[in-house]
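Here are the chains, one letter per residue:
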Amino acid sequence: MVGLSEGFTDVVVRKEHTDKFSLWYFNGSQLLAVDAVNNAKDYVVATKTIKNGLVVDKTTLGDHSTAVQFL
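Residues numbered from 1 in each chain as written. Predicted model: local features only at pLDDT ≥ 70, side-chain atom pairs only at ≥ 80, totals over all residues. Heavy atoms only, no water.

Participant: I'd love a proper account of the overall build of the chain, names of residues and values included.
Facilitator: Secondary structure assignment for the chain yields two helices and four strands. The linear arrangement of helices and strands in the chain, starting from the amino end, is β-β-β-β-α-α. Dimensions of the chain, computed from C-alpha atoms along their principal axes, come out at roughly 25 × 20 × 20 Å. Residues counted as buried form 32% of the 71 residues belonging to the chain. Intrachain contacts of the chain at a sequence separation of at least 6 include 40% that bridge at least 24 residues. (Helix = DSSP H or I, 4+ residues; strand = E, 2+ residues; numbered from the N terminus. Buried < 20%, exposed > 50% of the residue type's maximum accessible area, 1.4 Å probe, protein only. Contact = heavy atoms within 4.5 Å.)

Right, dumping it as structure tokens:
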């Protein structure tokens, strides 16, 4: 887990397989936290995104055909 999900208003789920997925927690447009289960790529991208205060488009994030590193 990266960040703290307390106060979230939206969750975007990225699921590659039953046992490989991530949950992205937002308050409005601000990314608060990410739970990455068996998904190191999402964990690394989430850490950089939260640390640098970058904005992530939720619609693009929810599109599983878009690689997470290109968000």
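Picking up where we left off.
Participant: Go over the pattern of salt bridges with me, naming the residues and quoting the values.
Facilitator: Scanning the entire structure with this criterion turns up two salt bridges. Its salt-bridge partner being Asp-10, residue Lys-58 comes within 2.8 Å of it at the nearest N-O pair. Of this pair, Lys-58 sits in helix H2 (residues 58-62) while Asp-10 sits in strand E2 (residues 10-17); the two residues are 48 residues apart in sequence, bridging distant segments of the chain. What makes Lys-58 partly exposed here is its relative accessible area of 27%. (Salt bridge = Lys/Arg side-chain N within 4 Å of Asp/Glu carboxyl O.)

Participant: Give me the nonpolar core: which residues, what numbers.
Facilitator: Formed by Val-12, Trp-24, Phe-26, Leu-31, Val-34, Val-45, Ala-46, Val-56, Leu-61 and Val-68, the largest nonpolar core amounts to ten residues. Looking at this core, the elements with two or more residues in it are strand E3 (20-27), strand E4 (30-37) and helix H1 (40-52). If we ignore the near neighbours within four places in the chain, the residues touching Val-45 are Trp-24, Val-68 and Gln-69. (Core = buried A, V, L, I, M, F, W, Y, C linked by side-chain atoms within 4.5 Å.)

Participant: Tell me about the packing of aromatic side chains, residues and numbers included.
Facilitator: Two aromatic rings, taken as a pair, are described by how far apart their centres are and by the angle between their planes. This model, assessed by the stated rule, comprises one aromatic pair. On the basis of an interplanar angle of 70° and a centroid distance of 5.1 Å, the ring pair of Phe-8 and Tyr-25 is categorised as edge-to-face. Of the two residues, Phe-8 sits in the loop between strand E1 (2-3) and E2 while Tyr-25 sits in strand E3, which places them 17 residues apart along the sequence. (Phe/Tyr/Trp six-rings, centres within 6.5 Å; stacked < 30°, edge-to-face > 60°.)

Participant: Which residues make up the pairing of E4, and what values go with them?
Facilitator: Strand direction decides the pairing type here: E1 and E4, joined by two bridges, are antiparallel. Of the residues in E4, the one forming a bridge with Val-2 is Val-34. Note that E3 and E4 share seven bridges and pair antiparallel. The residue of E4 that forms the bridge with Ser-22 is Ala-36. (Pairing = 2+ DSSP bridges.)

Participant: Explain the sheet that holds E3 residue by residue, including any values.
Facilitator: Ordered in space as E1-E4-E3-E2, the four strands form an open sheet in which the pairing is antiparallel. Among the strands making up the open sheet, the edge pair consists of E1 and E2. The strands that H1 touches are E1, E2, E3 and E4; relative to E4, the one it contacts most, it runs at about 160°. (Axes fitted to C-alpha atoms, helices over the stretch in contact; angles between N-to-C directions.)

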